[in-house]
Structure formats: C-alpha cells, structure tokens
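The primary structure of each chain is shown beneath.
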Amino acid sequence: MLNYLVSRTFLCIVALLACISIPNATLADPVSTALRAGGKIAAKVALRDAAIRASGRRDGALLSLAYSGSFELTPIKGGHLHVEATEIDRKLLADHASHMQGVMLIHEDLLRDHSSLVEELVKVRPDAIEIFDSNGSPSSLKLANRGSSERIVVQASKNITFSPKAWSERALLQQNIMRKLSARMKVIAIVDRTDAVQRRYFETALGDRVTVVDGAERLLAEVRASRNRLVTVIGHVEGENFVLRDAAGKALMRERIESVHRLVDDANSVSLVLGCESACNTIGTGPTAVIDALMAAEAIGSASRAITPLQFLDNLANKVGPLHIDTDFYGRLRVVSEYDERASDRIASRSGFTVRVLVSKSPQVPMELEDWIFRSIYLVMLSLYVLAFLVFGSWMLPFLLGVGPHRVWSVTKDSYVDFLERPRHDVDNLTSWEEILLRFFGPLSVVVGAVGVALVATTNALIATISYLFIPIFAGRGKKLAVPSKDLAFGAEWLGQNATDRTAATALLLGGGISGYLTASSFYVAASDLVKWCAGLAGFLTVFVVLWIWPTLAYGWFRILGWIIRVTQFPLRSIQSAAAKLTRLSA
Amino acid sequence: MRVPVLNATADALRRRSPALLAELEARFPGIGLTVIPKRPLGEHSDTGPQRLSELGDILLREARGDLSELIKVLSARARRISLVRVGTGAASAFASASLVGLLLSNRSGQLVAAMVALLAALGNLLITYVDDFSGGPGSTSKLRGTLTELTRQLTTAEGLCRLAKVTDDEQALLQAITQINQIFGEIQAMRALLGLSVQ
C-alpha cells in the first residue's frame with residue numbers, strides 16, 4: 001500500500017514537471033497567458049516611470065505603443081505624466097508632432113522597431129526628439145549627413161554618436177571590461193626607424209604597451225603574437241594598405257589592412273585600427289581634419305584609464321575627433337571617425353578608413369586567473385550535481401514503475417553478489433563499505449545494467465538520432481521561454497539563454513529515449529553480462545551527456561538544475577570572491 | 001610639384017633652434033615644418049610652388065651644424081674607447097711580460113700577474129664589444145661609418161642645391177631638400193641610439 005501511494009505521488013510530481021516543460025504554444029497554458037498579460041501591464045508601468053525620469057521636469061509628450069498596437073501620445077507636464085493617452089494614427093503622427101510643444105520622448109525599443117517613423121519625426125522636429133532607456137536616461141536624436149543622404153543618429157555624448165541599430169546593442173560597450181581590456185591592450189605603431197620623436201612619443205604615452213615596428217614581417221609577427229588582446233594598430237593608410245615611408249618619402253612597407261584584421265581575428269583579439277586616407281574627408285561633408293598619430297598616442301594612453309569601452313571611445317574622440325558607432329555587414333559593432341564614415345561600409349576590402357573597432361557580438365573577454373578558478377570550481381560543482389542527480393535520481397526512477405525502495409535495495413544486493421559471482425548468502429554479509437557504495441551507486445548500476453540493455457541503447461540511439469534531425473527545426477527560431485531571472489544562477493546562463501519552447505520539445509523527444517529505456521528494460525538485471533552492463537551504462541551516460549552539454553536543454557531539466565544551483569549560490573559566490581581577492585593580492 | 005613632408009627636419013630644428021622653426025613655419029606652410037610636432041596619418045596635399053631655394057640653404061647650414069655636433073660626440077666616445085684599449089693593452093702586456101711576478105717574486109706575485117692579465121683581456125673584450133657590436137646599429141664603429149656616409153650625402157645635397165640655383169631646377173632642389181630631410185632623420189636616429197636628446 002505504501003509503495004503504491006509513494007509511486008503514485010511521484011508519478012504526479014513527474015507529470016507536473018512535464019507540464020512545466022511543455023511549451024505554451026502547444027498547450028495554451030492559461031497560467032502563462034495570465035502571466036503575459038500581467039507582464040504587459042508591468043512593462044507599461046515601467047515605461048511610464050522611465051519616461052518621467054527622462055523628462056526631467058520638462059514639458060512634452062511620451063510616444064509609445066498602445067495595447068492595440070497603434071501609437072499613442074501621453075502628455076507630460078512638469079515632469080508628470082497624464083493618466084490618459086491619445087491614440088494617433090501613424091500617418092497623422094508627424095503632423096501632430098510638428099505642432100506640439102516641448103520634448104517628445106521615445107523609448108529605445110520604439111526606435112529599434114520603427115526607425116523610419118522616428119526618422120520622420122526627427123525631420124519634422126529636429127533637436128526636440130529624445131530617446132530613453134529603461135533606466136530613464138535620455139539621449140538626443142539628430143539628423144546627420146552621411147554622404148548624399150540624411151540618417152538619424154543617437155547623440156550619446158558630445159563626440160560620440162550611434163546608429164539606431166548599434167544603439168540597441170550598446171550594452172556591450174557599457175560593460176565594465178575596460179580595465180581588463182586595457183591591461184591586455186597592445187599598441188602596434190608603424191613608425192620609421194629614423195622617426196625618433198614619434199617613437200619617443202609612443203613610449204612616453206604608452207610605456208611597455210607599445211611595440212614599434214618598421215616592417216611588414218615584424219608587424220604581422222606582433223599581431224600574430226597578440227592573442228586575446230585589444231590590439232591597436234596605428235599607421236599611415238593609403239588605399240587598402242598600411243604604408244610606411246622613410247624620410248625621403250620612399251615606401252618601405254605596404255601591407256594590406258585586411259590581412260592585419262584577419263590575423264587579429266585569428267588571434268581571438270579585438271582590433272582598433274587608426275589610420276587615415278586622403279585627408280580623411282568625406283565627399284562634400286565634414287571638416288578636413290586629419291588624425292594625428294601623436295595625438296592618437298596620447299589619446300589612447302589617457303583613454304585606457306576608462307572603465308567601459310564607451311568611456312574609452314569617448315576619451316579617444318576628444319582627441320582624434322567625433323566618432324560614430326554603427327554595425328557592419330556582419331552585425332558587429334564598429335567605430336568610425338565622422339571624418340570618413342563612408343569608409344565604414346566596407347570591411348577592409350576596399351579603400352582605407354580612419355578609425356574602426358570591430359567588436360564581435362560575443363567578445364572573448366580574456367580569462368583571468370580568477371575566471372579560471374571560478375570555472376574550475378563551477379565545473380567540479382556541476383559534476384557533483386550531475387553525480388548527485390544520477391545517484392538520487394536512480395533511487396527515485398524505479399518509483400515511476402511502482403517499484404518500492406525495499407525491492408530496489410534487494411535487487412541491488414542480489415545483482416551485486418551475482419556480478420561478483422559470490423555465494424547467494426553473501427547478500428547478508430556485505431561489509432559496511434560495500435553497503436555504503438551500494439546505497440549510493442547500486443540502483444544506478446541496476447538501472448543501467450537492466451536486461452535488454454543493447455536493445456534499449458539502440459532505442460535511445462534511434463530516438464536521439466531522429467530528434468537530432470528535428471533540432472534544426474525545433475531549435476532554430478523558437479519563441480524564447482520566459483526564464484525567470486532567479487533561475488539564471490551564474491554559470492547557468494549559458495543553459496538558459498538558449499531555452500526556447502521548441503528546444504523544450506526537442507529535449508522531450510530525447511527524454512523519450514530515457515523513458516523508452518526505462519520501460520523497455522527490466523529491473524532484474526543480468527548484471528553478470530559485463531558487455532551488456534557496459535553498453536547500457538554507455539547508452540545511459542550518452543543520453544545524459546548529450547542533454548547536459550547541448551545548449552538547448554529542456555526547460556524542465558534546466559529548472560531543476562537552476563534550483564539546485566540557486567540553493568548553493570551563496571557558497572559559490574563566497575568562493576568566487578575569495579578567489580578574486582586571492583588573485584588580486586598575488587598580483 | 002609634390003613637396004615632401006619634412007618631419008625629421010622639423011624635429012631637428014625644434015631641438016636646435018625653435019625660433020628658426022617658427023619662422024620657417026610661417027614662410028613655408030604645409031610641408032611639415034611645425035613648431036608643435038605633428039604626424040598626420042593622412043597624406044598632405046600639395047602646397048604649390050614656394051621659394052624653396054632659400055629653404056635649401058637654411059637646411060644645409062643646420063644639417064652641417066647638427067652633423068658636426070654628432071661627430072664631436074662620437075669622436076669623444078671613440079677617444080675614450082681608445083684610451084681604455086690602450087690601458088688594457090698595457091696592463092695585459094705588463095702582466096704577460098711577468099714583470100709583476102719578477103718584482104714580487106713570490107706566489108702572490110704570480111697570482112696578481114695572472115689576475116691582471118685576465119682583467120686586462122676581459123676589458124679589451126668589453127671595449128671591442130662596445131666599439132664593434134653593442135646594440136648592432138648602435139655600435140661605435142657602425143655609427144662612425146654611418147656618419148661618414150651622411151657627410152658624403154650632405155656634400156652631395158649641397159652640390160645639388162648649388163646646381164639647382166644656377167639652373168633653376170625645382171626638381172633638383174626638391175631632391176636636395178628630401179636628401180637633407182633624410183640626413184636629419186638619420187641624425188635623429190643616431191642621437192636616440194647614443195642617448196642624446198631628440199626633441
């Protein structure tokens with residue numbers, strides 16, 4: 001009776017877990033629908049709060065999206081938002097904006113999703129349109145001449161502007177990673193041997209962070225040797241090449257910029273290239289100012305004391321001129337001088353450019369010792385979690401089929417004795433160590449060593465293979481699951497970031513392999529057959545390894561892991577901060 | 001007519017005679033003769049015809065003066081090296097002639113003689129290294145060779161300047177000025193190697 005109750009209870013728990021992990025799209029979960037509606041209201045409240053902060057007690061209006069999907073304007077008076085908003089048709093918005101007084105505030109998401117509309121509004125009301133972020137920090141929107149056309153740019157500071165797309169990805173530039181990047185900055189200055197003054201300038205401004213080269217071989221060797229660094233190359237640019245000329249004007253070196261960039265990418269580094277072409281003058285626009293290498297050296301030296309990359313660029317811009325940040329063909333952030341922004345549309349395959357930073361979407365922040373320590377500790381802890389999960393899970397799994405713990409224990413001991421070919425009466429004569437080991441690992445070995453292990457492993461292999469075929473469909477563009485942030489314990493972010501509704505379904509298919517395994521196997525283990533035992537263990541572990549290392553995990557499994565990690569967060573954080581202190585002390 | 005950027009000349013003049021550099025900056029704009037050091041990463045545009053013949057004479061005079069100073073410094077260094085070489089050679093000869101041993105005529109005397117010979121030989125090796133090999137391009141003998149070559153180039157540039165004045169050949173004048181700029185560049189590099197000021 002007790003076994004029956006216990007097994008049914010566990011079946012209910014499993015069913016509940018299954019319900020959590022099944023995507024909303026397939027089951028029309030009323031709870032999640034209600035949560036989504038509640039989330040929208042919460043988002044609206046947050047938007048209004050941010051707008052009030054952004055207004056700074058100025059008069060104006062907030063432009064936002066109504067629940068119906070149309071646009072609405074909410075008046076702002078003295079820093080207070082009206083309760084009622086006026087819905088306006090998109091076609092009438094520009095006309096309405098031209099007649100309103102004060103500043104028009106737009107959330108940055110609206111700029112990202114409706115950039116053409118915002119551009120119209122900026123044309124109608126230049127200098128009166130501002131965007132704000134979720135913290136309520138406002139930034140002006142301007143119209144800037146780019147070649148023969150006008151485009152809107154976000155004026156982040158006096159000397160830095162962003163394109164709308166780059167603005168939505170600026171979080172990367174606002175991370176406090178400049179200290180680490182500066183520590184790993186390497187400046188390669190291409191300077192002729194006879195230019196002692198320029199060499200002295202670089203050495204004074206940058207110390208041992210600068211390497212002066214006067215030939216192509218040395219340049220490429222230094223770039224190759226600069227792994228996981230912020231590599232800054234300063235040199236005269238002509239066309240597509242770095243060109244070094246001697247005092248007589250004779251070209252001593254001509255190296256393609258593209259090859260330098262490729263080597264920087266190969267070295268897993270970030271590049272900042274400073275050069276100049278043809279008086280750095282965009283056709284018909286901009287001043288004819290030329291970037292000076294000595295000023296650039298000073299700028300880099302002083303800018304490297306910045307905390308974030310954006311501060312670094314801001315300090316740099318104060319010396320070398322206004323910088324514009326947009327995205328290139330591959331979607332990477334890049335920085336160009338406003339003096340030659342035209343060149344930023346090319347990726348070092350055509351004419352030269354002025355200043356360009358190519359930052360990948362997932363920058364490889366160099367690993368410091370504390371990172372290694374933490375990651376090692378995390379991997380060890382994760383392994384322990386997995387082991388603990390397997391061990392305790394193997395005690396719980398038999399309950400799914402109504403097999404009680406006494407029966408499992410009895411079968412475990414019998415299987416162990418049979419495996420070692422000992423007499424049956426030894427079951428009652430096990431040593432204390434054997435009992436302890438069996439209590440931990442016994443049921444696990446029973447489960448994986450079940451009869452028909454080869455067949456079940458094949459079943460698993462078949463189901464897993466079929467699942468893999470569907471993964472490109474399921475894992476491609478699934479709707480992101482609303483993973484609660486509390487489950488994103490550090491170290492588990494990489495699991496959660498790829499959790500979508502479709503990947504949950506994928507994992508369920510994979511999980512079907514496990515259940516197929518369990519139902520097809522018998523708990524009366526033919527453990528004496530070592531080959532079957534090993535095959536079963538291999539199959540079982542393969543499925544688990546695939547599940548654990550594949551980034552698209554089932555949300556249900558992920559939540560369990562997240563809960564475990566969250567419970568032990570405190571000691572892990574303590575270990576991390578202790579490791580950080582230790583490395584700082586030793587440095 | 002493409003006027004070269006005279007960065008090296010400007011650096012040398014900034015060091016030797018800032019007032020003269022300021023005057024030249026005003027008279028010959030756009031050719032890199034600036035009081036504030038600049039290294040534009042872009043190509044500068046042509047500045048058009050200028051009275052470069054006067055510039056040629058001024059630069060020749062300054063280059064001659066700069067080269068002379070450098071020759072003096074290097075000569076002094078060479079003299080010091082020679083003195084040390086003479087000293088170590090004499091000590092070595094004295095020790096090897098066993099004069100010390102003869103004077104002291106005991107075991108200590110032999111020891112002293114051996115030590116003196118060793119030290120003298122080591123000193124000689126060190127001086128040879130300083131004279132010939134130290135820092136590669138920074139070795140005294142190499143620098144002396146470079147100075148000789150620069151002197152020869154300066155003489156050639158002087159001849160070109162004179163010829164250009166007579167024949168009114170702008171191209172030749174430009175070539176001379178470019179060569180002088182090169183000479184200033186080499187002088188700057190040598191001064192850096194010798195630990196002298198470059199700005």
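Only a predicted model underlies this, so the values are computations on that prediction, with no experimental measurement involved.

Some words on the overall build of chain B
Helix and strand counts for chain B come out as 7 helices and 0 strands. Sequence-ordered secondary structure for chain B, helices as α and strands as β, is α-α-α-α-α-α-α. The proportion of buried residues among the 199 residues of chain B is 42%. Sequence separation of 24 or more characterises 71% of the internal contacts of chain B that already satisfy a separation of 6 or more. Summing over all exposed atoms, chain B offers an accessible surface of approximately 10200 Å²; the carbon and sulfur share of this is 62%.

Points about the overall build of chain A
Across its full length, chain A holds 22 helices and 19 strands. In chain A, the share of contacts with a sequence separation of at least 24, taken over all contacts with a separation of at least 6, comes to 64%. Accessible surface, chain A as shown: approximately 28800 Å² in total, 60% of it carbon and sulfur.

With respect to the nonpolar core
If you look at the biggest cluster of nonpolar residues, it comprises 54 residues, and the most contacted ones within it are L63(A), M104(A), I106(A), L121(A), F162(A) and F202(A). By residue number, the principal contributor to this core is helix α13 (residues 309-320) of chain A, which donates 6 residues. With 39 residues, the next largest nonpolar core counts L143(B), L147(B), L150(B) and A176(B) among its residues.

Re the sheet that holds strand β13 (residues 237-238) of chain A
The pairing of strands in a sheet comes from backbone hydrogen bonds and takes either a parallel or an antiparallel form. Residues and elements named next belong to chain A. Strand order in the open sheet made by the 3 strands is β13-β14-β15, with antiparallel pairing throughout. Unpaired on one side and paired on the other, β13 and β15 (251-256) mark the two borders of the sheet. In terms of strand pairing, β13 meets strand β14 (residues 241-245) through 2 bridges, oriented antiparallel. Among the inter-strand pairings, E238 is bridged to a residue of β14, identified as N241.

Concerning α13(A)
All names here are of chain A. When the terminal C-alpha atoms of α13 are compared, their 16 Å separation across 12 residues agrees well with the 16 Å that a helix rising 1.5 Å per residue should span. P309, L310, F312, L313, L316, A317 and V320 are the residues of α13 that are buried. Projected onto a plane normal to the axis of α13, the buried residues spread over an arc of 150° and lie on a single side. Immediately beyond the C-terminal end of α13, within one or two residues, lies G321, with a positive phi of roughly 110°.

Quick notes on the packing of aromatic side chains
All told, the structure shown has 1 aromatic pair over all chains when counted by the stated rule. Directly above the ring of W409(A) sits R439(A), whose terminal nitrogen or CZ lies 4.4 Å from the centroid.

Examining unusual backbone geometry
Residues and elements named next belong to chain A. Positive phi, normally seen in glycine, also occurs at R57, with a value near 65°. Judged by its relative accessible area of 68%, R57 falls in the exposed class. Located in the positive-phi region is D127, a residue other than glycine, with phi close to 65°. Within the fold, D127 resides in the loop between α6 (115-124) and β6 (129-132).

Digging into the interface of chain B and chain A
The partner chain A presents 25 residues to the 19 residues of chain B that form the contact. Summing both sides of the interface, chain B and chain A together bury roughly 1900 Å²; the carbon and sulfur share of this comes to 58%. Inspection of the region where chain B meets chain A yields 2 salt bridges. Applying the counting rule to chain B against chain A returns 4 residue pairs in polar contact (both at pLDDT 80 or more).

Observations concerning the pattern of salt bridges
All told, the structure shown has 31 salt bridges over all chains when counted by the stated rule. When salt bridges that share partners are traced, they join R15(B), R16(B), R61(B), E62(B), D66(B), E69(B) and R191(B) into one network.

With respect to the environment of L117(A)
All names here are of chain A. Positionally, L117 belongs in helix α6. Along the backbone, L117 and A94 are 23 residues apart, and their C-alpha atoms lie at a distance of 8.3 Å. In this structure L117 touches F71, R90 and L93, once residues within four positions along its chain are discounted.

Some details on the side chain of D195(A)
Among the structural elements, D195(A) can be located in the loop between β10 (185-190) and α9 (196-206). In terms of polar contacts, D195(A) uses its side chain to reach the side chain of Q198(A), at 2.9 Å. Here D195(A) is in contact with D11(B) and R39(B), once residues within four sequence places are set aside.

Quick look at the packing of helix α1 (residues 7-16) of chain B against helix α2 (residues 18-27) of chain B
Residues and elements named next belong to chain B. Close contact between α1 and α2 brings their axes to 6 Å; oriented N to C, the two are set at 135°. As summarised for this structure, α1 and α2 are arranged oblique, according to the angle between their axes. Together, A10, L13, R14 and R16 of α1 and P18, L20, L21 and L24 of α2 make up the contact between the two elements. Looking at the contact of α1 with α2 residue by residue, the class counts come to 6 nonpolar, no polar and 2 charged.

Notes on α1(B)
Taken across its 10 residues, α1(B) has 9 buried, putting it largely inside the fold. N7(B), A8(B), T9(B), A10(B), D11(B), A12(B), L13(B), R14(B) and R15(B) are the residues of α1(B) that are buried.

A word on the pairing of β15(A)
All names here are of chain A. Strand direction decides the pairing type here: β14 and β15, joined by 5 bridges, are antiparallel. Paired with R245 across the strands is A251, a residue of β15. Linkage of β14 to β15, two consecutive antiparallel strands, is achieved through a turn of 5 residues, within which G249 is found at a positive phi near 85°.

Overview of the pairing of strand β2 (residues 71-77) of chain A
All names here are of chain A. The buried fraction of β2 amounts to 5 of the 7 residues, a majority that puts the element mostly inside the structure. Note: strand β1 (residues 60-65) against β2, 6 bridges, orientation antiparallel. In the sheet register, L62 faces β2, and the bridge partner there is T74. Count of turn residues in the β2/strand β3 (residues 80-81) antiparallel hairpin: 2 residues, of which G78 carries a positive phi of about 55°.

Notes on the side chain of E186(B)
Among the secondary structure elements, E186(B) is positioned in helix α7 (residues 170-193). On the accessibility criterion, E186(B) (18% relative accessible area) is buried. When residues no more than four places from it in sequence are discounted, the contact partners of E186(B) are R193(A), T194(A), T146(B) and L150(B).

Details of the packing of helix α4 (residues 90-99) of chain A against α6(A)
All names here are of chain A. α6 packs onto α4 with a crossing angle of 25° between their chain directions and a minimal axis gap of 9 Å. In terms of their interaxial angle, α4 and α6 are classed as roughly parallel. The interaxial crossing formed by α4 with α6 has right-handed handedness. Contacts between α4 and α6 pair R90, L93, A94, A97 and S98 from the former with S116, L117, E120, L121 and V124 from the latter. Residue composition of the contact of α4 with α6, by class: 6 nonpolar, 2 polar and 2 charged.

Considering a nonpolar patch on the surface
Residues and elements named next belong to chain A. A grouping of F392, W433, I436, L437, F440 and F441 is seen on the molecular surface, where their side chains present a nonpolar patch of about 670 Å² in accessible area. No other element matches the 5 residues that helix α16 (residues 432-448) contributes to the nonpolar patch. Note on placement: F441 falls in helix α16.

Observations regarding the confidence of the model for chain A
Residue and element names in this part refer to chain A. Per-residue pLDDT for chain A averages 67, and the proportion of residues at 70 or more is 53%. When mean pLDDT is compared element by element in chain A, strand β11 (residues 210-213) scores highest at 91, while strand β19 (residues 355-358) scores lowest at 39. Counting interchain partners and residues more than four positions distant, the pLDDT-below-50 stretch residues 15-28 has 13 contacts. Confidence drops under pLDDT 50 across residues 451-456; counting only partners more than four residues distant or on other chains, this segment forms 14 contacts.

A look at the environment of S139(B)
If you trace the backbone, S139(B) turns up in the loop between α5 (107-133) and α6 (140-167). Along the chain, S139(B) and L194(B) lie 55 residues apart, while their C-alpha atoms are 9.3 Å from each other.

Rules used in this analysis
- Residues numbered from 1 in each chain as written.
- Chains lettered and ligands numbered in written order.
- Predicted model: local features only at pLDDT ≥ 70, side-chain atom pairs only at ≥ 80, totals over all residues.
- Heavy atoms only, no water.
- Helix = DSSP H or I, 4+ residues; strand = E, 2+ residues; numbered from the N terminus.
- Buried < 20%, exposed > 50% of the residue type's maximum accessible area, 1.4 Å probe, protein only.
- Contact = heavy atoms within 4.5 Å.
- Areas by Shrake-Rupley, 256 points an atom, 1.4 Å probe, with all protein chains shown as cover.
- Core = buried A, V, L, I, M, F, W, Y, C linked by side-chain atoms within 4.5 Å.
- Pairing = 2+ DSSP bridges.
- Expected span 1.5 Å × (residues − 1).
- Arc of directions from axis to C-beta.
- Phe/Tyr/Trp six-rings, centres within 6.5 Å; stacked < 30°, edge-to-face > 60°.
- Lys NZ or Arg CZ within 6 Å of the ring centre and 35° of its normal.
- Buried area = accessible area lost by both parts, 1.4 Å probe.
- Salt bridge = Lys/Arg side-chain N within 4 Å of Asp/Glu carboxyl O.
- Polar contact = N/O pair within 3.5 Å; in protein donor to acceptor, adjacent residues only side chain to side chain.
- Axes fitted to C-alpha atoms, helices over the stretch in contact; angles between N-to-C directions.
- Parallel < 35°, antiparallel > 145°, perpendicular 65-115°, else oblique.
- Nonpolar A, V, L, I, M, F, W, Y, C, P; charged D, E, K, R; others polar.
- Left-handed = near helix turned anticlockwise from the far one by under 90°.
- Patch = residues over 30% accessible without salt bridge, like charges linked within 9 Å, V, L, I, M, F, W, Y side chains within 5 Å.
- pLDDT = per-residue confidence, 0-100.

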